[in-house]
Amino acid sequence: MDTQDAGKLLWESAQKGLYYPYALQGKLTLEEAYRVQLEVLSRMVAGGETQAGWKIGLTADAVRALFKSDTAVHGYLLQSNGFSSGYTFDHDQVTTPSIESELCFILRKDLHGPGVTPEAVLDALDGVCPAFEILERRGDMATDLPLGVADNVSQWSYVLGKPVKPYPRALDLGQIRAEVRCNGQVVASVLGKDVIDNQIHSIAWLANSLAHFGRSLEAGQIILSGSFHRPMPITKGDRWETRFSTVGNVTATFA
């Protein structure tokens, strides 16, 4: 099965609410997985969706070790899946949901790889905002990472707080602390440099990886740059808030 056919199979299965189809389990390389992912994205856009940007995952050594990967991974974001801070979700609409606290970067200039550097990323940024990514466990990505990548790295939704614009070039990302609260209780408090790759370097990696597949980062797109903590399970009735020092807050509720 070529990647176009595999993308068609994954797309058609998803329309029926079926994920990680048996015919693709254990069959894809990571490169093939990205081509399948992008085939599904092309089908979504052709069907009326608008791409909002990209996401980066596996952005810490500990998480890469868990997935037996020596590299980060990436997926896409759809405009229809994005919401503003304070949004209330219907918990029953998502399967086994979890939440991650991330910084979301906004581009003002295109970035075409290969050869994109961190300095070029800094020149291209328009702003940064606090964000949540909502993940859906549609299969076991830990045992079949390529199929998980093809399935868009568990992406379900995202929530964005107020952006800081223009992007403050002197911002020390490693010194940003994320304090995560669930129902008013602090459940994590972590310093960026201790838990996550440098986000500017991650965006440069993303631009160069996309170039291999004939894609680029475009002005106006957003980039979820990786989580400050491992996914935390969401229970019905939860209210989540993450406070990023020097960047701001983001909240979401699951009724």
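Since the model is a prediction, treat every value here as computed from it, not as a measurement.

Under the definition given, this model contains eight aromatic pairs. Between F105 and Y167, the ring centres sit 5.9 Å apart and the planes meet at 50°, which makes this aromatic pair tilted. In this pair, F105 sits in strand 5 (residues 97–107) while Y167 sits in the loop between strand 7 (155–160) and strand 8 (177–182), placing the two residues 62 residues apart along the sequence. Pair check on accessibility: F105 and Y167 agree, each one buried. The interplanar angle of 75° and the centroid separation of 5.4 Å between the aromatic rings of F228 and F244 together place this pair among those described as edge-to-face. Linking F228 in the loop between strand 10 (222–227) and strand 11 (232–233) with F244 in strand 12 (residues 239–244), this pair joins segments that are 16 residues apart in sequence.

A separate point is the side chain of T242. Structurally, T242 can be placed in strand 12. In this structure T242 comes out as buried when scored by relative accessible area, which is 0%. A polar atom in the side chain of T242 sits 2.7 Å from the side chain of S101. Excluding its chain neighbours within four sequence positions, the residues that come into contact with T242 are S101, F132, A178, E179, V180, G248, N249 and V250.

Under the definition given, this model contains 16 salt bridges. A salt bridge links D123 to R169; the nearest nitrogen and oxygen atoms lie 2.6 Å apart. Of this pair, D123 sits in helix 4 (residues 118–124) while R169 sits in the loop between strand 7 and strand 8, and the two are 46 residues apart along the sequence. Close ionic contact of K193 with D194 constitutes a salt bridge, the shortest N to O distance being 3.4 Å. Given a relative accessible area of 53%, K193 falls into the exposed group. The class for D194 is exposed, based on a relative accessible area of 54%. Salt bridges sharing partners connect three or more residues here, namely E179, R181, R239, E241 and R243.

Sheet strands line up and pair through hydrogen bonds in the backbone, either parallel or antiparallel. Strand order in the open sheet made by the five strands is 4-13-12-8-9, with mixed pairing throughout. The two strands at the open ends of the sheet, each matched to only one other strand, are strand 4 (87–89) and strand 9 (185–191). Each strand axis lies, on average, 20° off the axis of its neighbour in the sheet, ignoring direction. The pairing of strand 4 with strand 13 (residues 248–254) spans three bridges and is parallel. Across the sheet, residue T88 finds its bridge partner in strand 13, namely T253.

So, on to helix 1 (residues 3–15). When the terminal C-alpha atoms of helix 1 are compared, their 18 Å separation across 13 residues agrees well with the 18 Å that a helix rising 1.5 Å per residue should span. Within the sequence span of helix 1, burial applies to A6, G7, L10 and S13. For helix 1, the angular spread of the buried residues around the axis is 130°, confining them to a single face. Buried residues in helix 1 make contact with helix 2 (30–46) and helix 5 (145–150). G17, located one to two residues past helix 1, shows a positive phi value of around 80°.

Conventions used here
Residues numbered from 1 in each chain as written. Predicted model: local features only at pLDDT ≥ 70, side-chain atom pairs only at ≥ 80, totals over all residues. Heavy atoms only, no water. Phe/Tyr/Trp six-rings, centres within 6.5 Å; stacked < 30°, edge-to-face > 60°. Helix = DSSP H or I, 4+ residues; strand = E, 2+ residues; numbered from the N terminus. Buried < 20%, exposed > 50% of the residue type's maximum accessible area, 1.4 Å probe, protein only. Polar contact = N/O pair within 3.5 Å; in protein donor to acceptor, adjacent residues only side chain to side chain. Contact = heavy atoms within 4.5 Å. Salt bridge = Lys/Arg side-chain N within 4 Å of Asp/Glu carboxyl O. Pairing = 2+ DSSP bridges. Axes fitted to C-alpha atoms, helices over the stretch in contact; angles between N-to-C directions. Expected span 1.5 Å × (residues − 1). Arc of directions from axis to C-beta.

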